[in-house]
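Examination of the molecular architecture
Okay, here's what each chain looks like letter by letter:
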2 protein chains.
Amino acid sequence: MLTPIHRRNFIKKSSTAVAAIALLPSMVLGLPKEKKARLGFIGVGLRGRNHVTNTLLFPDAEIIAICDIDPNAIMETQNLLKKAGRKAAAVYGKNEQDFENLVKRQDLDGVVISTPWEWHVPMAIAAMNAGKYAGIEVSATVKLEESWQLVDTFERTGSHCMILENVCYRRDVMAVLNMVRQGLFGDISHLQCGYQHDLRHVKFNNGQQPYGGGVEFGEKGFSEARWRTQHSIDRNGDLYPTHGLGPVAQMININRGNQFLYLTSMATKSAGLHKYIVDNGGENHPNAKVNFKLGDIVQTMIKCANGETILITHDTNLPRPYSLGFRVQGTNGLWQDDGDKIYLEKISKTPHEWEPDTEYLKKYDHKYWRESEQVAQGSGHGGMDYFVIRDFIQAVKNRTAPPIDVYDAAAWSAISPLSEESIVKGSAPIPIPDFTRGKWKNAKPVFAL
Amino acid sequence: MLTPIHRRNFIKKSSTAVAAIALLPSMVLGLPKEKKARLGFIGVGLRGRNHVTNTLLFPDAEIIAICDIDPNAIMETQNLLKKAGRKAAAVYGKNEQDFENLVKRQDLDGVVISTPWEWHVPMAIAAMNAGKYAGIEVSATVKLEESWQLVDTFERTGSHCMILENVCYRRDVMAVLNMVRQGLFGDISHLQCGYQHDLRHVKFNNGQQPYGGGVEFGEKGFSEARWRTQHSIDRNGDLYPTHGLGPVAQMININRGNQFLYLTSMATKSAGLHKYIVDNGGENHPNAKVNFKLGDIVQTMIKCANGETILITHDTNLPRPYSLGFRVQGTNGLWQDDGDKIYLEKISKTPHEWEPDTEYLKKYDHKYWRESEQVAQGSGHGGMDYFVIRDFIQAVKNRTAPPIDVYDAAAWSAISPLSEESIVKGSAPIPIPDFTRGKWKNAKPVFAL
């Protein structure tokens, strides 16, 4: 992991002075228009290879270079390319800094970054400084200053940065976005979302398999357990806000006519991870002595400029069925994904009674899904992974601004460190910076339009 | 409404010095043991008459006196007594202060108070000062100092005060309480609850009927619209927290080994009530000019001494199906009343999948319900109204401490003014007073045991 000082030096060395440009410029200046999106992939573990697989669906996307310090990940990726009849990619894996060489290639237009969270920003900044589009997995940033670094780099270089928030493309979420835009819920006042996912078998495994089978993490763990679990030791906050927050931010036009103002967060005690270790590894396992800072459930309330509130729930340490817990509510009614139900005054058949949302989701199905259902279905996470990489590829290929941009990456991800700050301060309200520096007032919605 | 100054004078005049006694004394000193609970009812509107009707089910409860300034309410109540073959009750209704004469009667043991919120505390204090048990409808108090007044009066007089929180007795809630106590959820870390009830037709009516038919309130309204709506104009906070908070407070033993520590609240904009007036009364109706302070949705997070968090949602201004939104979650799993579902690790059939809660609620059905289902069913609000008045009558008759006491009334109700304070201060965390003054550390759970 880069220390802050290393990171600062790194950014300084690799930055290139480019005039600051306006919000959402439609073209990156000086780059020739290409017919193909020529891509590099930094991080080709499980998540990165999923992006590679989906990219292979697009004849107008080329996979030029890949980067990973794990030779096995490189091999698996080359196999994917081979099977698809594509050329082998150039390989960068000499050391942890080899991504710096990848981003400098002249034959690249964009870079997809699927690495541990703390590497996202240094890698994205390197790519942007080298004039490449950066597509970053979620969350884009870990620390507040990193959100500013992304924004500053974009404004200095003109290189775009897209946060690859796949849940923005979930079929029900896009249908509800359509309904919000057509006014079915009336004036929106309240939204709920979250990441309620029992990750205990992700945070701990046996070092051989990605999920479960043991209570190891860090150097003895495998895949995400190698790096993700440490965040539960070091931090108490919403570690992973964007799967919920991205979709609801689109519904109320955050950064485009609306803005997050402030938040307050509260955490329960931490009991779930310790119990899991004891239950599965015994009281005498060395990890039974680890103190986890992360409360089992962290809730964050956000107040927005147009008067809405958002509740985000982070719930990853306890046994529970998966749910992102969406709720979208306005003066005409509300939708909840828990239970797949909806109520709209004067539209729902019986006053004060829920209806199943099925017919509504069908009726307001988004164009993306209506037109590309077949190809999307097999792509991972129910199809949404297809659309997120497609939008990135389209932006790269056409040299346009991506529909989810650096300001979204900055604002959505910043909720994580800000929630930590609120909890440290006893649930104090914490102002959320305006990363657009006022430009949100005149910016217009663009996502999936 | 009494002004604060009037109220202070009133308390001074009618207070009786009695030695302070310990938490939950089992007897009120100096009162003879009676075989009957001799009751007076202050406020016999719709809610009060519901309590009268349920009281008539108990041969060991006598209805001695009733008090209301509405002659029609008095007449309806006497009709109920007559139909049940009971003696007519003595009447107090000369003016707004006539309750002071009712509480002084020597032949009364307890008083049930079902009046507008702002009258609860002066009436309860009058009753307690006169040596009577006070049963108060919810919320017990409106202002923070009123919670202290109730506690101080109890400690000075030894007269008990029970908040008549019927939802503590809801069948599913009591079954889940049983499950919590038997450890099925493991170590409890998070609870959710609320009052999500479209009250627009309660806050506005045509002055003739209690629900809807017009957009009048205050002097032109009827029943609750006469007084309740004004709170939505004057206050922005959780106006009605106890239906949700009472039950979950019992589950984590608040005031009996656990304690509320602090809260933070956030409110959406206020749009729902104005829209309702315009939609149903037209833009030119005088009430279309009223500014409502109450945000459409108010959420409050509470941190507890034993590390739990509670989320309360107040949602009464928008069209929606009714739900108290319960969620009870611990290290072994969780229950949600929205959708009637449960998941318990190693007990639920399929890992990570919800089950219907039906079989669990049957298996852990509380003794109260198993034994008295038949008689309870018809009593109002699905039967829970029967049990709440029964527990009050039992305490009065046996001269014992009620299972929900003055400290519960004080703490649960105080969330309302404290949430207002948090919102005024931009969602600042607000300490929640320890109304037991430390006695919570050694007190033991008593409710429904």
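A brief look at the structure comes next. The shown structure was predicted, so the numbers you read here are calculated from the model rather than taken from an experiment.

1. Some remarks on the sheet that holds strand β3 (residues 90–92) of chain B
Residue and element names in this part refer to chain B. Pairing within the open sheet is parallel, and its six strands lie in the order β3-β2-β1-β4-β5-β6. Bordering the open sheet on either side are β3 and β6 (161–163), each of which pairs with just one other strand. Here the average twist between neighbouring strands, direction ignored, is 25°. One ladder, built from six bridges, connects strand β1 (residues 37–42) with strand β2 (residues 61–67); its direction is parallel. In the sheet register, Ala-37 faces β2, and the bridge partner there is Ala-61. Packing of helix α2 (residues 46–55) onto the sheet brings it into contact with β1, β2 and β4 (110–113), and relative to β1 it is tilted by some 160°. Most of the contacts of helix α14 (residues 384–398) go to β1, to which it runs at about 125°, and overall it touches β1, β2, β4, β5 (133–136) and β6.

2. Some details on the relation of the copies chain A and chain B
Superposing chain A onto chain B takes a rotation of 180° combined with a translation of 0.0 Å along the rotation axis, leaving an RMSD of 0.0 Å. In the structure described here, the two chain copies are related by an operation that fits a two-fold rotation axis. No C-alpha of chain A lies nearer the rotation axis than that of Ala-428 of chain A, which sits 2.8 Å from it.

3. Concerning the pairing of strand β9 (residues 297–304) of chain B
Residue and element names in this part refer to chain B. With eight of its eight residues buried, β9 lies for the most part within the structure. Taking every second residue as pointing to the same face, both faces of β9 are buried, with Ile-297, Gln-299, Met-301 and Lys-303 on one and Val-298, Thr-300, Ile-302 and Cys-304 on the other. As paired elements, strand β8 (residues 260–267) and β9 share seven bridges and run antiparallel to each other. Bridge pairing in β9 links Met-266 to Gln-299. Note: β9 against strand β10 (residues 309–315), seven bridges, orientation antiparallel. Along β10, the bridge assignment pairs Lys-303 with Thr-309. The turn linking β9 back onto β10 is made up of four residues, and Gly-307 within it adopts a positive phi angle of 95°.

4. Looking at helix α15 (residues 406–424) of chain B
Residue and element names in this part refer to chain B. Relative to the 27 Å expected for 19 residues at 1.5 Å per residue, α15 spans 28 Å between its end C-alpha atoms, a close match to the ideal helical length. When the local axis directions of α15 are compared, the greatest deviation, roughly 30°, occurs at Ile-415, which is followed within four positions by the proline Pro-417. Burial within α15 is extensive, with 17 of its 19 residues counted as buried. By the N-cap criterion, in which a side-chain oxygen at the helix start approaches the backbone nitrogen of a residue two or three places on, α15 is capped by Asp-405, the distance to Tyr-407 being 3.0 Å. Directly beyond the C-terminal end of α15, a positive phi value near 70° is found at Gly-426.

5. Details of the environment of Thr-316 of chain A
Residue and element names in this part refer to chain A. For Thr-316, the position within the fold is in the loop between β10 (309–315) and β11 (327–330). Accessibility expressed as a relative area gives 1% for Thr-316, which makes it buried. Those residues in contact with Thr-316 that sit more than four places away from it in its chain are Tyr-195, His-197, Asp-198, Leu-199, Arg-200, Lys-203, Leu-294 and Asp-296. Engagement of the side chain of Thr-316 in a polar contact is seen with the side chain of Lys-203, the distance being 3.0 Å.

6. Observations regarding the packing of aromatic side chains
Scanning the entire structure with this criterion turns up 32 aromatic pairs over all chains. Ring plane angle 75° and centroid distance 4.7 Å describe the contact between Tyr-195 of chain B and Tyr-240 of chain B, whose orientation is recorded as edge-to-face. Placement of Tyr-195 of chain B in strand β7 (residues 188–196) and of Tyr-240 of chain B in the loop between α9 (228–234) and α10 (242–251) is noted, with a sequence separation of 45 residues between them. With respect to burial, Tyr-195 of chain B and Tyr-240 of chain B carry one shared label: buried. The structure contains a cluster of three or more aromatic residues connected by ring pairs, namely Phe-58, Tyr-169, Tyr-368, Trp-369, Tyr-386, Phe-387 and Phe-447 of chain A. Across from the ring centre of Tyr-240 of chain B, 4.4 Å away, lies the NZ or CZ of Arg-228 of chain B, which sits over that ring.

7. So, the packing of helix α2 (residues 46–55) of chain A against helix α3 (residues 71–83) of chain A
Residue and element names in this part refer to chain A. Running from amino to carboxyl end, α2 crosses α3 at an angle of 15°, the nearest separation of the two axes being 10 Å. Relative to α3, α2 is oriented roughly parallel. For the pair α2 and α3, the sense of crossing is right-handed. Every residue of α3 that contacts α2 at Arg-49, Val-52 and Thr-53 is listed here: Ala-73, Glu-76, Thr-77, Leu-80 and Leu-81. Its residues assigned to classes, the contact of α2 with α3 shows four nonpolar, two polar and two charged.

Conventions used here
Starting afresh in each chain, residues are numbered from 1 along the sequence in its written order. Here the convention is simple: chains get letters from A, ligands get numbers from 1, in the order in which they are written. Side-chain atom pairs in this predicted model are given and counted only at pLDDT of 80 or more, local residue features only at pLDDT of at least 70, and totals for whole chains, interfaces and linings cover all residues. Side-chain measures were taken over the full set of non-hydrogen atoms in the model, leaving aside hydrogen atoms and water. Here, any two strands with at least 2 DSSP bridges between them count as paired. Going along the chain from the N terminus, every DSSP run of H or I of four or more residues is numbered as a helix, and every run of E of two or more is numbered as a strand. Comment: axis = line fitted to C-alpha atoms, over the contacting stretch for helices; angle = value between 0 and 180 degrees taken between N-to-C directions. Residue contacts are defined here by distance: any two heavy atoms, one from each residue, within 4.5 Å place the two residues in contact. A least-squares fit on C-alpha atoms brings the copies together, and the residues used are those whose pLDDT is at least 70 in both copies. To sort residues, take the accessible area from a 1.4 Å probe on protein chains only and compare it with the maximum for the residue type: under 20% means buried, over 50% means exposed, and anything in between is partly exposed. Working rule for helices: expected span equals 1.5 Å times residues minus one. Two axes enter the bend calculation: one fitted to the seven residues ending at the residue in question, the other to the seven starting there, and the bend is the angle between them. Here a polar contact is taken to be a pair of N or O atoms separated by no more than 3.5 Å, where protein atoms must pair a possible hydrogen donor with a possible acceptor and residues adjacent in sequence count only if both atoms sit in side chains. Within 6.5 Å between ring centres, the rings of Phe, Tyr and Trp (the latter by its six-membered ring) count as paired, and their orientation is classed by plane angle as stacked under 30 degrees, edge-to-face over 60, tilted in between. The criterion is that NZ of a Lys, or CZ of an Arg, lies within 6 Å of the ring centre and within 35 degrees of the ring normal, and then a charge sits over that ring. Throughout this description, any angle smaller than 35 degrees is read as roughly parallel, any larger than 145 degrees as roughly antiparallel, any in the 65 to 115 degree range as roughly perpendicular, and the remainder as oblique. The sense of a crossing depends on the near helix, which, turned anticlockwise from the far helix by less than a right angle, makes the crossing left-handed and, turned clockwise, makes it right-handed. As a working rule, the residues Ala, Val, Leu, Ile, Met, Phe, Trp, Tyr, Cys and Pro are called nonpolar, Asp, Glu, Lys and Arg charged, and the rest polar, with Gly in that last group.

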